[in-house]
Amino acid sequence: MAVTTDTAPLTAPFDVVLTEGRPALLQLPAGTVADPVAWAAEHRAALRATLAEHGAVLVRGLGIADARTVGRVAGELLDSVLTEREGFAARRVLADGVHSSSEWPVDQPMCMHHELSYAREVPATLLFSCLTAPESGGVTGVSDSAAVLRALPAPLVARFETEGWLLDRNYTDTVGVSPEAAFGTADRAGIEEYCAARDIECVWQANGDLRTRQRAAAVLRHPVTGERGWFNQIAFLNEWTLDPVIREYLKFEFGDDGLPFNSKYGLGSGLDEDTVLTINAVYEEHTLREPWQAGDLMLVDNLRMAHSREAYEGEREIAVVLGDPVTLPAHP
């Protein structure tokens, strides 16, 4: 099935601040926005045009203070909201359609990835809003997938383009997410039906845990720009990106095939550490960063830009809305 996307007419984009190493910044004069929701409604077309031009835009000065307001702003800026399925980490519900960022150890980074890039239905647009800024760290970095693709070694790209990539997962009630949390139901028949419709292999273990395997394309041609980009979670969801202590503990407890998730080449071969380090190093070279301030809003084109989360100290609350779902074709 072909990818669909928002084709509404675009007005001229905003003039933004472009600084090397940082995402496009739309700085609103302090105290000029009385109602973030009304502002979003009035400036939707210009903001969407700015997003289309830059792939990600950070709006500073809106003064968003609570999750309910985030949801109302999202209602003005997004065509629709995606109900997440197959998530790899837990989220808390903050308001209708609004969730926390994925729960992940605060001292461990979440490496670059495109949200739900292993799934068939993915959000084309991500909306992040900072309700509480951390004392230090915690940046949500972004990276252009087309630039990353050009910078990766050609043989590595060629193999993944030919084979696609595999994601092996183990859903348990002790580590990672449970089948019910991932699929929205505890009914085995319902989970099996969901998986069958999306070419996901699923096997129930004797202890009731679920093991799945799914294949996806590693490179995506953007439906609007036509550019090819490195669109996946190969490096992030791989054993070599895990903290070594955590990796060894999980393997000791659950075996080599028992990790909550692990990515592989599309025909089933494992990745070596150097390959994963190479991908993450290229991402690092192309990462744009801007520390969060309370009240910030960031829109990200998920089909074009990968995003990450750095380790942090102090309290941090980033509200997330997954929007504008599109259906991706299966790997040929």
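Placed above this text is the structure.
Small disclaimer: the values here were computed from a predicted structure and weren't measured.

What counts and what doesn't
- Residues numbered from 1 in each chain as written.
- Predicted model: local features only at pLDDT ≥ 70, side-chain atom pairs only at ≥ 80, totals over all residues.
- Heavy atoms only, no water.
- Core = buried A, V, L, I, M, F, W, Y, C linked by side-chain atoms within 4.5 Å.
- Buried < 20%, exposed > 50% of the residue type's maximum accessible area, 1.4 Å probe, protein only.
- Contact = heavy atoms within 4.5 Å.
- Helix = DSSP H or I, 4+ residues; strand = E, 2+ residues; numbered from the N terminus.
- Pairing = 2+ DSSP bridges.
- Salt bridge = Lys/Arg side-chain N within 4 Å of Asp/Glu carboxyl O.

K.L.:
How should I be thinking about the nonpolar core in this particular structure?
P.N.:
Considering soluble globular proteins, one finds that nonpolar side chains tend to be buried as a cluster. In terms of nonpolar packing, the biggest core is built from 58 residues, with Phe88, Phe160 and Trp230 touching the most fellow members. Sequence-distant contacts of Phe88, that is, excluding residues within four places in its chain, are made with Ser102, Trp104, Met110, His113, Tyr118, Arg169, Val177, Gln233, Phe236, Leu237 and Phe261. Counting 30 residues, the second-largest nonpolar core is a separate cluster that includes Val16, Ala67, Leu131 and Leu297.

K.L.:
Explanation requested: the pairing of strand β6 (residues 121–132) in the structure shown.
P.N.:
Along any regular strand the residues' side chains alternate between the sheet's two faces. Of all 12 residues in β6, 10 are buried, a share of seventy percent or more. By the bridge criterion, 10 bridges tie β6 to strand β19 (residues 317–327) in an arrangement that is antiparallel. What sits directly across from Cys130, in β19, is Ile318. Across five bridges, the pairing between β6 and strand β16 (residues 297–301) is antiparallel. Considered in β16, the bridge of Leu127 is made with Leu299.

K.L.:
Just checking my understanding: could you explain the pattern of salt bridges for this structure?
P.N.:
A pair can form between side chains of opposite charge whenever their charged atoms are brought close. Under the counting rule described, the total for this entry stands at 21 salt bridges. Measuring nitrogen to oxygen at the nearest pair gives 3.6 Å for the salt bridge that ties Glu248 to Arg247. With a closest N to O distance of 2.3 Å, Glu310 and Arg289 form a salt bridge. A residue pair is termed long-range when its members are at least 10 positions apart, and Glu310 in the loop between β17 (305–309) and β18 (312–313) and Arg289 in the loop between β15 (287–288) and β16 qualify at 21 residues.

K.L.:
Would you mind showing me how to read the sheet that holds strand β5 (residues 110–113) here?
P.N.:
Neighbouring strands of a sheet are bound in pairs by backbone hydrogen bonds; such pairs are parallel or else antiparallel. Taken in spatial order, the four strands make up an open sheet running β5-β17-β8-β15, and their pairing is antiparallel. The outermost strands of the open sheet, each flanked by one partner alone, are β5 and β15. Pairing between β5 and β17: two bridges, direction antiparallel. Paired with Met110 across the two strands is Arg309, which belongs to β17.

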